[in-house]
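If you want the building blocks of each chain, they are given just below.
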Amino acid sequence: MCYVIITSVSLVWFLCTLVADMFVAVALVTPKWLIGPPIGGANWSQATPGSNQRLESVGIYTRCKQMQQLGYHCGRFDLDGFATDGSVYPLEWKLAMFCLSLGLVLLSLTVCATLLTCCRQSAFGKSIHNMTACAQVLAGIAVMLALFLHPLGWRAARVQRLCGQEAEPFYPADCSIGISFYCALVGILLTFAAAGISLKAESSNLRTRVRRRIESGSKLVCIP
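The residue numbering used here restarts from 1 in each chain and proceeds along that chain's sequence as written. Per-residue local features are limited, in this predicted model, to residues with pLDDT of at least 70; the limit for side-chain atom pairs, both in listing and counting, is 80 or more; totals at the level of whole chains, interfaces and linings are taken over all residues. Side-chain descriptors were evaluated using all non-hydrogen atoms of the structure, hydrogens and water having been removed beforehand.

Asks: Go over the overall build of the protein chain, please, and point to the residues and values.
Replies: When its secondary structure is counted, the protein chain shows six helices and nine strands. When a residue's accessible area, from a 1.4 Å probe over protein chains only, is under 20% of the maximum for its type it is buried; when over 50% it is exposed; and in between it is partly exposed. By residue count, 46% of the 224 residues in the protein chain fall in the buried class. Any two residues having at least one pair of non-hydrogen atoms within 4.5 Å are treated as being in contact. Long-range pairs, those at least 24 residues apart, make up 65% of the contacts in the protein chain between residues at least 6 apart in sequence. Only the protein chains shown count as cover for residues, and the accessible areas themselves come from Shrake-Rupley with a 1.4 Å probe. Carbon and sulfur atoms form 65% of the exposed surface of the protein chain, whose accessible area is close to 11,900 Å². A run of H or I in DSSP becomes a helix once it reaches four residues, and a run of E becomes a strand once it reaches two; helices and strands are each numbered from the N terminus.

Have a look at this one:
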């Protein structure tokens, strides 16, 4: 018999996983891991409040900068992918890109898996909930490694041009941490939270009330 089980816990699990996936995706594609100082070398405290000045920034494989002919332009700098020269694309950022991409792929797969658990509880003799939780833990670790690897590349010439010659690993000099970094951090927290919720979601799907509804012939079981 085909049936669909939806509980409040499984819904929270799905939403938590989906939001975590979205945060990690934003962290990957946006060039806002490091935000440069205002043009002209002024300190942040001297910047005019509410100013629309667009600041240069850099991400894992993208950057935004002021260009003479194009003006403020955002684009990729990994023109040859992982084969891009290390002076342009630091090795640490290539590794961070790999880890973050791996985490995003795993999270995207777990989003699909959370939907699958509504109508199927096991696959190949294993609990889908447990397998999904393991994948989410691995995704969280991968994104965490990316957060550690990106600051290791702050000694690169690209970062020193943006942030100052004093920039070094885990010290951004005149730059500030951008929203992309915090998106990845929130994604990690939500990912580990989702892994924990998955265990509760499994027990909620196996409750006596659910089994009774299924035995009575219900194909759609919605229980808070």
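Picking up where we left off.
Asks: How would you summarise helix 1 (residues 8-29) if you had to cite specific residues and measurements?
Replies: The span you would expect from a helix comes to 1.5 Å times its residue count less one. When the terminal C-alpha atoms of helix 1 are compared, their 32 Å separation across 22 residues agrees well with the 32 Å that a helix rising 1.5 Å per residue should span. Of all the residues in helix 1, the buried ones are Ser10, Trp13, Phe14, Cys16, Thr17, Ala20, Asp21, Val24, Ala27 and Leu28. An end-on view of helix 1 places all buried positions within 165 degrees of arc, on one side of the element. Our arc is simply the arc of the directions from the helix axis toward the C-beta atoms.

Asks: Summarise the sheet that holds strand 2 (residues 34-35); cite the residues concerned and give the values.
Replies: Hydrogen bonding along the main chain pairs the strands of a sheet, whether they run parallel or antiparallel. Pairing in this open sheet of five strands is antiparallel, and the strands run 5-4-3-2-8 from one edge to the other. Strands with a single pairing partner mark the edges of an open sheet, and in this sheet they are strand 5 (71-76) and strand 8 (176-177). Two strands form a pair only when DSSP identifies at least two bridges running between them. Pairing analysis gives two bridges linking strand 3 (residues 57-58) to strand 4 (residues 62-67), with the strands arranged antiparallel. Each bridged residue has a counterpart across the sheet, and for Val58 the counterpart in strand 4 is Arg63.

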